[in-house]
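Coordinate analysis (summary)
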Amino acid sequence: MKRSFILWLTLLSYAFNIFGQVNFQTVAEKSDFKSTSDYNDVRIFIDQLKKSSHYIRTESIATSVEGREVPLLIIGNPLPKSPNDLVNDKRIVVYIQADIHAGEVEGKEATLMYVRDMLSEKNPEMLKNIVLLICPLFNPDGNEKISPLNRTYQNGPVNGVGVRYNGQFLDLNRDAMKAESPEVRGVLKNVFDKWDPAVFMDCHTTDGSYHIEPTTFTWMVNPNGDNSLITYMREKMMPDMSKTLSGKYMVENCFYGEFYDMMDPDKGWVLDASEPRYLSNYYGIRNRLGILNENYVYADFKSRVMGCYYLIHSLIDYASVHKSEIESMLKDADIRTIARGTNPAVTDSFAIEYKVRPLPEKVTVKTYEAELINDADGRRNYTRTDRRKDVTIPYYIDYYPTRNVKFPFAYLITTHDPAITDILKIHGIKIEELSADTKIDVQRFEISELKGATKLNQGHYTNSISGKYISGQIDFPAGSLVVRTAQPLGNLAAYLLEPQSNDGLVVWNYFDRYLVPQWGMGYNPFPVYKILNNTEIKTKLIM
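Let us look at the nonpolar core. Ranked by size, the top nonpolar core spans 151 residues in total, and within it Tyr 95, Leu 132, Met 237 and Leu 289 carry the most contacts. Examining the composition of this core, we find that 10 residues originate from one element, helix H9 (residues 301–321), more than from any other. Apart from the residues within four sequence positions on either side, Leu 132 is in contact with Leu 73, Ile 74, Ile 75, Val 94, Ile 96, Tyr 114, Met 118, Met 126 and Ile 316. Leu 434, Ile 440, Val 442 and Ile 537 belong to the second largest nonpolar core, which has 11 residues in total.

Written out as structure tokens, the structure is:
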């Protein structure tokens with residue numbers, strides 16, 4: 001009898017491991033989409049996933065300032081123990097991240113649902129071509145502040161959501177370049193640098209214009225990356241995913257944007273977030289494919305979650321079929337970046353200013369007519385009517401340079417400030433140092449004006465800087481830091497170190513103490529110099 005009972009328990013356990021995943025649900029599903037998961041709910045669900053399949057394991061991206069682990073799910077068949085297992089592997093790595101703003105919770109529920117349903121298959125077809133990385137809860141500290149008083153204009157869940165900021169009161173989707181939060185530093189080091197995913201999708205919820213489509217998404221747009229990748233996403237990948245989402249999964253969708261004027265939608269549809277402080281744009285600067293998912297805030301919660309769920313399906317469908325094409329394209333982009341840094345041409349440049357123009361093709365957005373109202377403090381605002389209106393309008397998303405500087409062979413840094421070297425290392429940039437005292441032809445940047453913003457932004461009085469480059473020979477001592485642009489992250493190195501970059505280390509105050517003398521007028525020499533042309537310099541690698 002005892003042996004029979006043990007056998008019964010063994011069979012029951014086996015059955016759970018094979019089929020049990022269909023028996024557990026997310027908090028959203030269990031509550032009929034009236035609630036969202038807290039941190040403990042997510043941890044319990046992940047534990048159930050791990051018990052249900054041998055194709056999943058977890059790592060830690062980071063520990064938040066309030067002591068909560070940011071989880072990373074790693075899913076594969078075979079399941080890689082580390083990125084080293086993928087060196088000769090033909091699978092493509094895809095990373096999906098949710099809850100970076102913890103009031104925007106659809107991705108958190110959708111990613112967990114997707115993994116559960118995918119692992120319910122005995123041999124998931126997608127795992128033949130993809131290693132899937134998922135972080136369902138990137139901002140656990142913000143998520144623990146769930147309240148019905150947060151984002152009250154949002155259409156559910158009625159029991160509330162978390163807050164936008166993390167435990168440091170930082171917006172994590174403005175932190176990609178300055179990397180001050182443990183969450184962002186963790187994703188740079190433990191996901192982007194370590195696993196080097198080919199594709200990254202970041203899940204959000206809109207705050208903007210009225211429209212019908214519950215699911216919107218778009219591609220990275222910053223012009224200082226490899227623009228062939230932007231073209232590929234704009235002309236092929238994103239349209240194909242949109243067709244799959246609407247045709248195969250029956251989810252209405254459009255590319256993400258906002259109306260220039262809600263009262264006159266025909267003026268156009270615009271994406272106005274172009275800097276690499278936004279993680280999807282940042283990923284494009286790394287020569288990889290970045291996708292921004294924005295689920296429509298005024299759609300009901302279930303529609304938003306299911307729209308995101310099927311967008312994940314559409315992404316995985318596309319990446320699985322086109323994995324070889326994507327891998328080849330990204331490899332070519334890295335080769336081009338290294339070649340440009342090795343011997344920069346006269347025409348090679350870095351954009352310090354850019355503007356946006358519409359695509360040649362217009363887009364259709366299903367919207368509503370709006371009416372002007374006066375809000376409580378007397379300001380004019382608008383409200384949605386029930387009158388439907390479909391518009392086919394210009395899509396302003398093509399960012400192009402309007403002011404450039406020369407792209408260099410290398411940057412020389414004369415300060416050994418650990419904050420500066422650390423941030424470069426966190427981003428994965430290779431740093432060398434001069435082996436001997438060396439006289440080098442360089443451009444130095446002479447500052448004419450340095451202005452801090454009058455209002456704090458993410459804890460910073462962000463800088464704007466003016467000046468000019470002056471060419472000449474300068475003696476540099478042994479140990480001076482060298483960052484060559486002939487590396488896969490050469491575009492990112494330029495974005496961080498170029499003094500007039502609109503989102504670099506100067507903007508975020510990393511060089512402040514070195515720029516202004518304690519007494520007297522004027523400015524100190526800017527401690528970053530540019531070697532424009534291929535120059536033989538003796539160095540040793542320190543990172």
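This next bit is on the pattern of salt bridges. Scanning the entire structure with this criterion turns up 40 salt bridges. For Asp 207, the salt bridge is made with Arg 164, and the minimal N-O distance between the two is 4.0 Å. One end of the pair, Asp 207, is in the loop between strand E5 (199–205) and strand E6 (215–219); the other, Arg 164, is in the loop between helix H5 (140–143) and helix H6 (182–195), with 43 residues separating them in the sequence. When the shortest N-O distance is used, the salt bridge between Arg 384 and Asp 386 registers 3.2 Å. Among the charged side chains, a network of salt bridges with common partners joins Glu 104, Arg 151, Arg 164, Asp 171, Arg 174 and Asp 207.

The relative placement of two packed helices comes down to the angle between their axes together with the axis-to-axis distance. Contact geometry of helix H4 (residues 106–119) with H9 gives a least axis separation of 8 Å together with a crossing angle of 50°. Between H4 and H9, the angle is such that the two are oblique. Note that H4 runs across H9; the crossing there is right-handed. Residue-level inspection shows Glu 106, Gly 107, Glu 109, Ala 110, Thr 111, Met 113, Tyr 114 and Asp 117 of H4 in contact with H9, the latter providing Phe 301, Arg 304, Val 305, Met 306, Cys 308, Tyr 309, Ile 312, His 313 and Ile 316. When the residues that make up the contact of H4 with H9 are grouped by side-chain class, the tally is 10 nonpolar, three polar and four charged.

As a further point, take the environment of Tyr 529. Note on placement: Tyr 529 falls in strand E20 (residues 528–531). A C-alpha to C-alpha distance of 5.0 Å links Tyr 529 and Leu 412, two positions 117 residues apart in sequence. Setting aside anything within four residues of it in sequence, one finds Tyr 529 in contact with Ala 410, Tyr 411, Leu 412, Thr 414, Val 442, Gln 443, Arg 444, Ile 474 and Phe 476.

What follows deals with the sheet that holds E6. Strand order in this open sheet of eight strands is E1-E2-E4-E3-E5-E10-E6-E7, and the pairing throughout is mixed. Unpaired on one side and paired on the other, strand E1 (56–63) and strand E7 (253–255) mark the two borders of the sheet. Direction aside, the axes of adjacent strands within the sheet are offset by 20° on average. Bridge analysis of strand E3 (residues 92–97) against strand E4 (residues 130–135) gives six bridges, and the strand direction is parallel.

Each value, and the rule that gives it
- Residues numbered from 1 in each chain as written.
- Predicted model: local features only at pLDDT ≥ 70, side-chain atom pairs only at ≥ 80, totals over all residues.
- Heavy atoms only, no water.
- Core = buried A, V, L, I, M, F, W, Y, C linked by side-chain atoms within 4.5 Å.
- Buried < 20%, exposed > 50% of the residue type's maximum accessible area, 1.4 Å probe, protein only.
- Helix = DSSP H or I, 4+ residues; strand = E, 2+ residues; numbered from the N terminus.
- Contact = heavy atoms within 4.5 Å.
- Salt bridge = Lys/Arg side-chain N within 4 Å of Asp/Glu carboxyl O.
- Axes fitted to C-alpha atoms, helices over the stretch in contact; angles between N-to-C directions.
- Parallel < 35°, antiparallel > 145°, perpendicular 65-115°, else oblique.
- Left-handed = near helix turned anticlockwise from the far one by under 90°.
- Nonpolar A, V, L, I, M, F, W, Y, C, P; charged D, E, K, R; others polar.
- Pairing = 2+ DSSP bridges.

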